[in-house]
Structures are given as structure tokens and as C-alpha cells.
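Commentary on secondary and tertiary structure
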Amino acid sequence: MTAKSPEQDGIVAEDAGEDLTGPLASRRIRRRLAAEPPRPDDVPPGSVWQAAETAWRAAGVPWAHETPERDRTVPKERSAPRRKAARARATGSVKDAARPKAETKVEPPAEAKPATKPKPAAKPKPTAKAETAAKRKPAAKPEPAPKVEPTTKVEPASTAVPASKPASKAKPTTKAASQSEAKPKAKPAAKPEAKPAARKAPPQAKPASGRSRRKVLVAVAGIAAVAAGGAVYAVTGDSGQDAKRPAVAGAVPADALFAADPAAKTDGLAQDLSAVVSAGGTIVAAGAETPGKGRERAQFLVSGDAGRTWRLAKVQAADGSEPLLGDRPRLLAGDAGGWVALGVSATGPVVWTSADAQTWTRQAPSPAFRPGDQVLGLARTASGFVAVGASGGRGVVWTFANNAWQRNDRLNATSVTGFDRVAANGGTLVAHGTFSRVETKKKKKRTVRGEGVWRSADGGRTWTAVVLPQAQGSYGPTKALVTGPGGFYAVREGQRTTGPKKKRTTTRYGVVFASPDGRAWTPSAQLNGPAFGGVERLAGSPSGLAAVILGKGGARTVLRSGDGRAWQPAGAPGTPFVGGLAATATGVVVAGRTPGEDPYLASGGTPVDLRAVPGALRADRGVSAMDARAGRVVAVGGTNGDAAVWTSPGDDSWTRAQTPDFGGGKAGGPGQPRRHLTGVASGPSGWLAVGRVEMPKGGTAPLLASSADGASWRVTPAPRGMQTAAGAVHGGFGHVVVGMSGGRPAAWRSVDLKMWIPGFGAVKGAFDEPGWMSGVAVTSQGYAAAGGRSVQGKARPALWTSPDGVKWTAAPAPTLPPGVVAGGYFQVVANGGTVVALGWGDPAPGKPPVAFYGVSTDAGRTWQSRVLDGAATLSTASASPKGLVLAGTTPQRDAALWTSPDGLTWRRLPAVPGLGGPGDQRVTALTTRDGTLRAAAAEAGHQGERSLWWRTMVP
């Protein structure tokens, strides 16, 4: 039996101000049905049609369909006039007010609101021309949909997070995203979900006389599910705009779904503060959070009250949008007139500017900075800023004034090979660096290299060498150069020996030199302490000077001076890793990181609790892979620096799996290893997850965990010789794990997750070259693996096939696509004989990244390399009942999905609300089961990274 939506029969709601006809009527009716599920006492027993009718009426939608004969419950005397009126209308003898003129204005769907008491609609009189047209063509075609930008396209329908697990509202990028609502979780029909008490059901609409007896084309099962309080994807018509572009719920925040470890002792992320500057009552500390290579997040912590309170500053791009990831600020300078920070990225130097230290703007690349430049020093001058460094074996000076950078790499001091420090006092600059010059002595030429100090009185245009003498037992190079009260200051190591010949003792200390103008330098003080081990840091400001000195056993002491001559102890930093130092009017500020790789900040000797600073710290959290079997979905990844597993019955609820080996502070903390799961596979023998262990002193080890039911997990011993475990899959011969052994590609197979058989090369050369396997998939002919090999120090793609997971043959790998100089494969998926391997590549200098993949249509025996149009990077993929689904990112840093029936032709899906817009979005894991596509994703911005979750029907 088929059914039609009411608007297709020309029905008008008599009791609502909202018109339920025209192209958008089906969407509005579905919105009402989803927003107003019937109460348990509204559901009549036994009849699906009666349940559907009750649902429509409870939502304020007129019921336009005659109940089937076997389900009729109304008296015959009430149904007879209805049939008479329908016959009269069908013959055209009755003017039916339910046939309005075609609606041409398309409006976006609005959120469902409780219906109010309707006013009777005026009955327009159709013209003769309209009646004739209506008889000739009963169902008018909807008007063409207006052009919509890719970010506003409506996607296939999906379910959202159940009402029982509310999550913070996702930042919508389109109006459609902001209007998507979570649907109630499906429950058995015998116990329908009750309506929220805060929402009143609209009064049931009275049946209009003269309704048509035509067969309806509404999906009865979907209506019954709504009537029973169940969750459905959508109820759509079979034609018109809704059928082409059904509504879709966007991705939702999922930090609450993929719970972190409540017993963790660390956040699991590597963070540090590498610079700190004080100017009056304003203090700025700069650093970065490093969740992974290329995903570094620049951070600026600001205090406006001399270090008593702190906040995380806003960071933005030049156009006000979210900045790029992958930047690390390293140098900082500024005062009330403005601030500048310099750092590094994968493409070269990075510049941030700020007028008030509260908002930092990541500037567009300047031609003054080039790839390969090393920027090592930064100072505030009377007219702007100056930076120094090196490039190509020559010293370089950059000046910033009038919001523009100028480059000077043609210095008059031609012997300078590079600058590493710079200090400014008004318009005078002093820089420290290295030189190289050729000298002739006794007719023999020799190259002399050393360290030196240069001075500039014209803002860095010309430089003159000056002498910083050795005095008071000083020796060795200059260890620091700063500006402080009264001029410039530098420090060298020093020592003196006293006592008779057989009882001589050597005392070590630091010698501080001062100069009012950078020309003449004289000793001003000595820095010492118990078991002095050297000067580690020196900082200066108009408020004073500060130093960090090493002591016995690596202990550190902070010293402070108001004039450069008298120094007093100012406490001890609570961390051995000091990245920045600043002298303030009230004390000393120390910045760095803890042994557990958390950021460290102390003001006036008191550590700052950065956990109380919103956005400064967050828990590491990530889903790397998913798999589904027997009604259970398992996601693996990590939180707080340790491995993690979450399980779901297949809906939008997730539970952190129980395990005695993960969590509880067993990993991720100071001196502890870090663990992360990267793959998962299920089979009749159970579940297997694989990953890696990062050792505290460097190096990695494989990580394997197994479970009989997907809920309880234990770490299992890795096979002998396994160096890495990168991918896992279950096929006809059991579980197969691929990775490395002894620096070469390797594979292992097991039928019980206890005993493992190592794979071997069925043909010479399969496992003989240096390389690695990164992923494995089940094909129609057995197994296929993908990875890479090392050729003359550069990565090249590599592929293998196996009939049983033990005997492996190397397949001819395709060449890298144009624009890629090195690369390999990191994941492989298969659907029967179609196999696709996802690639990563290093572009040629000055070229943009290229997202490429390998495809095979004969189960992995032959391959060809292709580039995916519209993709900047690829992240993950999954097989589906309709082919393959691939995820990646666009050049605009939005997550995107592509589908393909054969791996050769790809169609990009419409943009998913929540997976685009400000920040960087990426899909990290995909799986399909029971006609549903599930995606775990992440969104990163200047305030951190959060997890996302999206579920929809398989496209």
C-alpha cells in the first residue's frame, strides 16, 4: 500500500495559521510530527492507521486519508456524507476551498511551535482557468529550488543525540544547522515516550468535509514510529523539493558522549609556554598546545593586573576568522603601544600582532619572510619592532613599522653569519650573533669563526661591531642580552681559583656586564648561589632584571635586581623546563612546562592554577577508528594520554568500556608512557584493538587489546618481533594485524586472538625492503595491505595482497601524482574487488598539498594513482552497502564526504551542518552498519578542540 503526503491532495489545514500546502508542506508536517509525539493515552490499540491518524491530529495536521475498511471505527452515518462530498468534488460539481493557488515563495523551515487556536481561512474562489488546469493536472510541480551555496545544502536525513543525553549546542554554520533538533530515542511501541510537560499538544483538527478517497502515499511505518514515540530519519513525499533534498540533522558536540577518564592525573596534551613579557601592569605569556604534528594551537595568556588574574586571549586570522592550526609562537615583545609575536609553522615564520594584548591577529604571510628564514630575536623599539636571525648563512634584520615588515639581508657588516639575540633601548639596538671571516697571517689564509656583538643607532639599517670584554674571571660566549634599568645588560660565565697549591678551590659564578648605550661595557655584578652551575636565563624590563641560575642537582633559583648591581633570591621555579622569564614591578614571572608536559606559569613565586583559566587546559580526547558487529558499535582512541574504548548499542549513546588496564592514571602522566588505539576489528572470536605506546624516554611499542563482548577489555601480549601495530581487520581466515618488524613491513594472523602466525613474502622482495604496512582490508580474494617503503631516504607508496593473511605478495605500486615529492598510504578499504588506499604526500616546495589515493578494481593486484578533486587532505574511509565512503578536508578546512560505487568516480555529498564553518573540522573515524553511516569528527579552533558526532542513512 502506498500513501501520499496531504499537500499532494491539495489539503489545507483548517486550524493553523501555517499553510500545509505547497512544496514545503511535507517538511512542515514532518516537523510537527517530530516535535509533537503523542502521549501514551493518545495511541489507539491495534491499528497502525489509527496510530498514524492520532499522530497527525495531535501535531495539528489534518488527517486527509480515509481509514481502511477493516480499521474503521467511525459510525457509518458520519462517513457517508464524507464519501458523498468526495464524489461531488471529483466530478467538479462542488467548489472545494481546499485548492489554493500554487505557492511560489520558498521559505526556510521554522522550528515547530505549539499550535494556537486557529482562525478559519477564507475560501478563495478559483477561476475557471485554474479549475480547468487543476482537472488536467491535479498535482502541480513545485517551483524550482533557489540556488544554495554548498555550505547550506540540506543533507540526507539523520538522527541526532537522544534527549536523554543532552549536549551543548553545536555552533551552527547554516540556518539549517541551527534549526535541527534532537529527536527522542526510540523505545518499544508498548511504552511510548511521554511528551515533555512544558509543551502542550495542539487541539486535534476536525476532519474537513469533502475529502478525497485517493490512496495516500505516506510511509505508514514511519508514521507509526512517530505515533509510538520512536526516532525516525524523516517522512518525505515521493516528489518535489523535499524528496530531492530531505532535511538532515547536523553534527553535534560529543565530548560528553566520548567521556574522558575521570581518574586521570593529566590532560594528556603536550603544552608549553615559551615566552613571557611584562609591560607595566600587563603581562603576556605565549606558547602552544600540541595535540599532533600540524595541529598546534597558538596560545596567549594575558594578565592586566600584574599577574594576579589571567585569561586566555582571543586569536584570529587577518580577516577575523579562526586562524590556521600548526603555528607555534616563540618570541614576544610589546608595551602599551602595541604587541608582536613571532613563531614558526610548516611553511615558515609566522607573525601575530595585537593592539591591547587581549586579541591577537595572525597576519597573512609577508614577503619579507621567506621559507628557510630563522627568526631568533625580537625587540620593541621607539618606532616599532625589530627582529633578527639568519638565512642562507647571512645575518638578516627585519623591521616592523607602519604595519609593514621590511627585510634587510644586505648588511654592511658582511661577516655576520647570523644574529640570535637583540635588545633595544629607544632607537638604539644591540644584537648578538656569529661571524665568519678570512684572515691572512704569514701569507696563509684561514677562516676565523666566533661570536660577537653589534650595535645600530639607526633602527637596524647599519651595524658596527662593539667589544664586550672579559673581566672578573669571565670566559666563554655571551649567554644573554637584554634591556633593563639604565641601558643594556649581558652575562657571561666566570670562575676564580683560590687557596694554596694543594688546597686550591674553584668558585663558579656569572658576571653581569652593563652599558648605557651599547658601546662601552663594564662589569656590574656577580651572580652566584650554592653549588652554582651556570646562568640559564636573563630577562629585563624598565622595572628591573631577573635571572635563573642552576644549582646542585639541577635545582634552579630565581634572582631579581632593581638596578643590575644588587641581586636577591626570589624563590625557585616549580619546573625544570623554563621557557620564558619576565621582571615586573612586583616580582618575577616564570613560564615553561612541567615534566608532565603541561604549561607552567608562576607569578611572584606562586604557581598560577591554569585549570581555573577557561580554555587554557583541556583533556586530550580523540576517536581514531570504529567497527560494528551484532548490534554493538565500538569506537577506539584515547583520552588524557591513555588508550580508551567506548561502546554503543547502535544509537547515539556511548559508554566508556570497562578495563583494568586502561585509565586510572596508568599512562599519560609525568614519567609514564602515552598510549593510543588506532584500529579495531571484530569477528566471531571477539574484538581486537591495536595502537601504540610512546615511551617516556623516546621510542614506541605496539599495543594490542582484546575483548570477548566489546565491553570488557584487556591488554594482550604482542607477537614476538612486532615493532608496530598499525592496522587490523577480520576476514575469512581470522584477524590480521599489519605493521613493522625490524624496520620492514610485517603482518600477523590469528584465529583465536591468542596464537599469532607471522606473515611472510610469498614472492621474493615482498618484505625484504625497508618499509611499513599502515592498513589492511578484506577483499573478495583475501586481504590487501597498504603502506610505504623508503627509497633513498624518501617515502614511496607500497601495496601487498594475500589470499590468507600469511602469504603476501608485493603489488606494483603506482607512481606519485604530480606535485608530490614523497608519500605513502595510511589506510586501505575494500568493497569486494574494489580496493582504495588513502595517501599522504609531501608537496614540492611552494606547492599546495595534494590529496591522492590508489584504486584497484581487481582485489589489489593492479593499481592506479588518482587525485581527489576538491580535497586538500584525506582522513579516513569506510566500505558501505552502496560502495565506498571517503572523508577528507577542503581547502577551506571544512570536513567533507565523498561516495563512490566503484572507487573510480566520486560524488561529494552536500555539506553537513556542524562539519564546516569557523575552525578546522575533520572526520576521524567512519563505519557503516544496518544502512547507517556513523562518523566521529573533531573541530579545532583557537580555544581548543572538541569532539563531534554525526549519524545518517548510508548515502
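Structural data are supplied above this passage.
A brief look at the structure comes next. The written sequence of each chain sets the order in which its residues are numbered from 1. Since the coordinates come from a predicted model, pLDDT governs what is reported: local features require at least 70, and pairs of side-chain atoms require 80 or more to be given and counted, while whole-chain, interface and lining totals use all residues. Hydrogens and water are ignored here; the side-chain numbers use all heavy atoms of the structure.

**A closer look at the overall build of the chain**
Which entries qualify depends on this criterion: A run of H or I in DSSP counts as a helix once it spans at least four residues, and a run of E counts as a strand once it spans at least two, with each numbered from the N terminus. Relative accessible area decides the class of each residue, using a 1.4 Å probe on protein chains only: under 20% of the type maximum gives buried, over 50% gives exposed, and in between gives partly exposed. It only takes one pair of heavy atoms within 4.5 Å for two residues to be counted as in contact. Using a 1.4 Å probe, accessible areas were evaluated by the Shrake-Rupley method; residue-level cover was limited to the displayed protein chains.
Of regular secondary structure, the chain possesses 7 helices and 58 strands. Counting the 955 residues in the chain, one finds 53% classified as buried. Residue pairs at least 24 apart in sequence account for 51% of intrachain contacts in the chain once pairs closer than 6 positions are excluded. Summed over its atoms, the accessible surface of the chain is roughly 43,400 Å², and 53% of this surface lies on carbon and sulfur atoms.

**Structural notes on the pattern of salt bridges**
Side chains bearing opposite charge may pair, as long as their charged atoms lie close to each other. Worth spelling out the cut-off: Take a side-chain nitrogen of Lys or Arg and a carboxyl oxygen of Asp or Glu: if they are within 4 Å of each other, that pair is a salt bridge.
Within the structure shown, the criterion is met by 30 salt bridges. The shortest N-O distance in the salt bridge between Arg508 and Glu493 comes to 4.0 Å. One end of the pair, Arg508, is in strand S21 (residues 505-515); the other, Glu493, is in strand S20 (residues 487-498), and 15 residues separate them in sequence. For Glu493, a relative accessible area of 8% corresponds to the buried category.

**Here's the deal with the pairing of strand S39 (residues 724-731)**
As a reminder of what qualifies: Between any two strands, pairing holds if DSSP finds at least two bridges.
In the sheet, S39 pairs with strand S40 (residues 734-741) via 7 bridges, with the strands oriented antiparallel. Looking at S40, one finds that Ala728 is bridged to Val737. The antiparallel pairing of S39 with S40 creates a hairpin that spans 2 residues between the two strands.

**Side note on the packing of aromatic side chains**
Our working rule: Pairs were defined over the aromatic rings of Phe, Tyr and Trp, the Trp ring being its six-membered one, requiring ring centres within 6.5 Å. Orientation was assigned from the angle between planes: stacked under 30 degrees, edge-to-face over 60, tilted for the rest.
Evaluation of the coordinates by the stated rule reveals 14 aromatic pairs. Measuring from centroid to centroid gives 5.2 Å for Phe369 and Trp398, while their planes differ by 20°, and the two rings are stacked. Linking Phe369 in the loop between strand S10 (359-362) and strand S11 (374-380) with Trp398 in strand S13 (residues 394-401), this pair joins segments that are 29 residues apart in sequence. Each member of the pair, Phe369 as well as Trp398, carries the same accessibility label: buried. Each ring, one from Phe400 and one from Trp405, has its centre 4.7 Å from the other, and the planes form 40°; the classification is tilted. Of the two residues, Phe400 and Trp405, both sit in the buried class.

**A few points about the sheet that holds S13**
Put simply, the rule is: For helices, the fitted line uses only the C-alpha atoms of the stretch in contact; every axis is such a line through C-alpha atoms, and the angle between N-to-C directions lies from 0 to 180 degrees.
In spatial order, the strands read S11-S12-S13-S14; together these 4 strands make up an open sheet with antiparallel pairing. Taken across any chain shown, the strands that pair with only one partner, and hence form the sheet edges, are S11 and strand S14 (404-408). Here the average twist between neighbouring strands, direction ignored, is 20°. Where S13 lies against S14, 5 bridges are found, and the strand directions are antiparallel. Bridge pairing links Val397 to Asn408 in S14.

**Details of the pairing of strand S41 (residues 744-750)**
With 6 of its 7 residues buried, S41 lies for the most part within the structure. For S40 and S41, the ladder comprises 7 bridges, and the chain directions are antiparallel. Bridged to Val736 within S41 is Arg749. Where S40 hands over to S41, the hairpin turn is made up of 2 residues, of which Gly742 adopts a positive phi near 65°. Bridge count for S41 against strand S42 (residues 757-758) is 2 bridges, and the pairing is antiparallel. Bridged to Trp748 within S42 is Pro758. Between S41 and S42, which follow one another and run antiparallel, lie 6 residues, and Leu753 among them has a positive phi close to 65°.

**Some thoughts on unusual backbone geometry**
Of note in this structure, Ala531 is not a glycine but carries a positive phi near 50°. Mapped onto the elements, Ala531 comes out in the loop between strand S22 (522-527) and strand S23 (534-541). What makes Ala531 partly exposed here is its relative accessible area of 47%. Look at Ala859: it is not a glycine, yet its phi comes out positive at around 65°.

**Quick word on the side chain of Asp409**
With respect to the element layout, Asp409 can be found in the loop between S14 and strand S15 (416-425). Filtering out sequence-adjacent residues up to four positions away, Asp409 remains in contact with Arg370, Arg394, Gly395 and Val396.

**Considering the side chain of Thr801**
Within the element layout of this structure, Thr801 appears in strand S46 (residues 794-802). Setting aside chain neighbours within four positions, we find Thr801 in contact with Tyr783, Ala784, Lys807, Trp808, Thr809, Ala859, Gly860 and Arg861.

**Some points on the sheet that holds S46**
Taken in spatial order, the 5 strands make up an open sheet running S43-S47-S46-S45-S44, and their pairing is mixed. For this open sheet the edge positions go to strand S43 (760-761) and strand S44 (771-779), each flanked by a neighbour on one side alone.

**Quick notes on the environment of Ala260**
You can see Ala260 is positioned in the loop between strand S1 (252-253) and strand S2 (270-279). In the structure, Ala260 is positioned 403 residues away from Gly663 in sequence and 9.1 Å away in space, judged by C-alpha atoms. Apart from the residues lying within four places of it in its own chain, the contact partners of Ala260 are Ala619, Arg621, Thr639, Asn640 and Arg656.

**Focus on the environment of Arg674**
Here is the rule we go by: Polar contact is defined as a pair of N or O atoms within 3.5 Å, subject to the rule that within protein one atom must be able to donate a hydrogen and the other to accept it, and that residues adjacent in sequence are counted only when both atoms are side-chain atoms.
With respect to the secondary-structure elements, Arg674 resides in strand S35 (residues 674-683). For Arg674, a relative accessible area of 16% puts it in the buried group. Between the C-alpha atom of Arg674 and that of Val693, which follows or precedes it by 19 residues, the distance is 5.7 Å. A polar contact is formed between the side chain of Arg674 and the backbone oxygen of Gly268, at a distance of 2.5 Å.

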